[in-house]
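Next come the chains, spelled out residue by residue.
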Amino acid sequence: MAGDNSGEFQAGQSGLTVRVPGAEPVVRAWRDRLDPSAGAGVPAHVTVLFPFVDESRIDDGACAAIGEVIGRHRPFEARFEHCGRFPGISYLVPEPDIPFRRLTEAIADRWPEAPPFGGQFDEVVPHLTIAQGQDDVALEEAEADLRGRLPVTARVSSVDLIVHDGTRWQQRAAFALR
């Protein structure tokens, strides 16, 4: 959830993410050190949409609608072979990224009041954040280490709804791709 002012999470915020468990052993130490969202309970992931609607608006009907939108997409494989960069942020690049983009577009089309990253960016670039809010030296150190530990592959078969409880992020639901 890069670009999300991670030090400023608020109770009731929500997001939709794709967990990448296979990346955990590769990126965990770097994320624990350099990505504030890791310390707040967010696992290695690719963001589908953040911020999503406030938790108070997520009822059974909203969950059914999320499940219906996500369920229109088929499971897919993704491979993370190299790092990319935004200013102050290092991330793993998913290939292909089109299925992630389609998930984001579908959710954003259904919930236009929740544009990806609050509408901060003209283009949403799918990514798995390793470090954010860091200087170039820290980013280069992490990337150099990770080059020898990649690739990571993932089977994407679900999207998680995560909610911030005021202290940590918690998974509230998972929605299957079909």
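Residues numbered from 1 in each chain as written. Predicted model: local features only at pLDDT ≥ 70, side-chain atom pairs only at ≥ 80, totals over all residues. Heavy atoms only, no water.

(A) View of the pattern of salt bridges. Using the criterion set out here, one finds 14 salt bridges in the structure. Taking the shortest distance from any N to any O, the salt bridge between Arg72 and Glu68 comes out at 2.5 Å. Because the salt bridges share partners, they merge into one network encompassing Arg85, Asp136 and Glu143. (Salt bridge = Lys/Arg side-chain N within 4 Å of Asp/Glu carboxyl O.)

(B) Highlighting the nonpolar core. Residues Val27, Phe52, Phe80, Ile107, Trp111, Leu128 and Leu161 are the most contacted members of the largest nonpolar core, which totals 49 residues. If one sorts the elements of this core by residue count, helix H3 (residues 60–71) sits on top with six residues. Beyond its immediate chain neighbours, meaning those up to four positions away, Trp111 contacts Phe52, Val53, Ala62, Ala65, Ile66 and Val69. Core analysis: the second largest hydrophobic core is formed by six residues, Val42, Phe50, Ile162 and Trp169 among them. (Core = buried A, V, L, I, M, F, W, Y, C linked by side-chain atoms within 4.5 Å. Buried < 20%, exposed > 50% of the residue type's maximum accessible area, 1.4 Å probe, protein only. Helix = DSSP H or I, 4+ residues; strand = E, 2+ residues; numbered from the N terminus. Contact = heavy atoms within 4.5 Å.)

(C) Region of interest: the sheet that holds strand S3 (residues 76–86). Overall, antiparallel pairing links the four strands, which are arranged S5-S4-S3-S6 in an open sheet. Strands with a single pairing partner mark the edges of an open sheet, and in this sheet they are strand S5 (128–132) and strand S6 (152–156). For this sheet the average axis-to-axis angle between neighbouring strands, irrespective of direction, equals 30°. As paired elements, S3 and strand S4 (residues 89–95) share six bridges and run antiparallel to each other. Considered in S4, the bridge of Phe86 is made with Ile89. Contacting S3, S4 and S6, helix H4 (residues 98–110) runs over the sheet at an angle of about 90° to S3. (Pairing = 2+ DSSP bridges. Axes fitted to C-alpha atoms, helices over the stretch in contact; angles between N-to-C directions.)

(D) Focus on helix H5 (residues 136–147). With 12 residues, H5 extends 16 Å from end C-alpha to end C-alpha; this agrees with the ideal 16 Å at 1.5 Å per step. Taken together, the buried positions of H5 are Ala138, Leu139, Ala142, Glu143 and Leu146. Down the axis of H5, the buried set is contained in an arc of 125°. They therefore lie on one face. Every exposed residue of H5 that faces more than 90 degrees away from the buried side is listed here: Val137 and Arg147. Considering only its buried residues, H5 is in contact with helix H1 (24–34), S3, S4 and S5. (Expected span 1.5 Å × (residues − 1). Arc of directions from axis to C-beta.)

Just distances and angles here, no functional claims.
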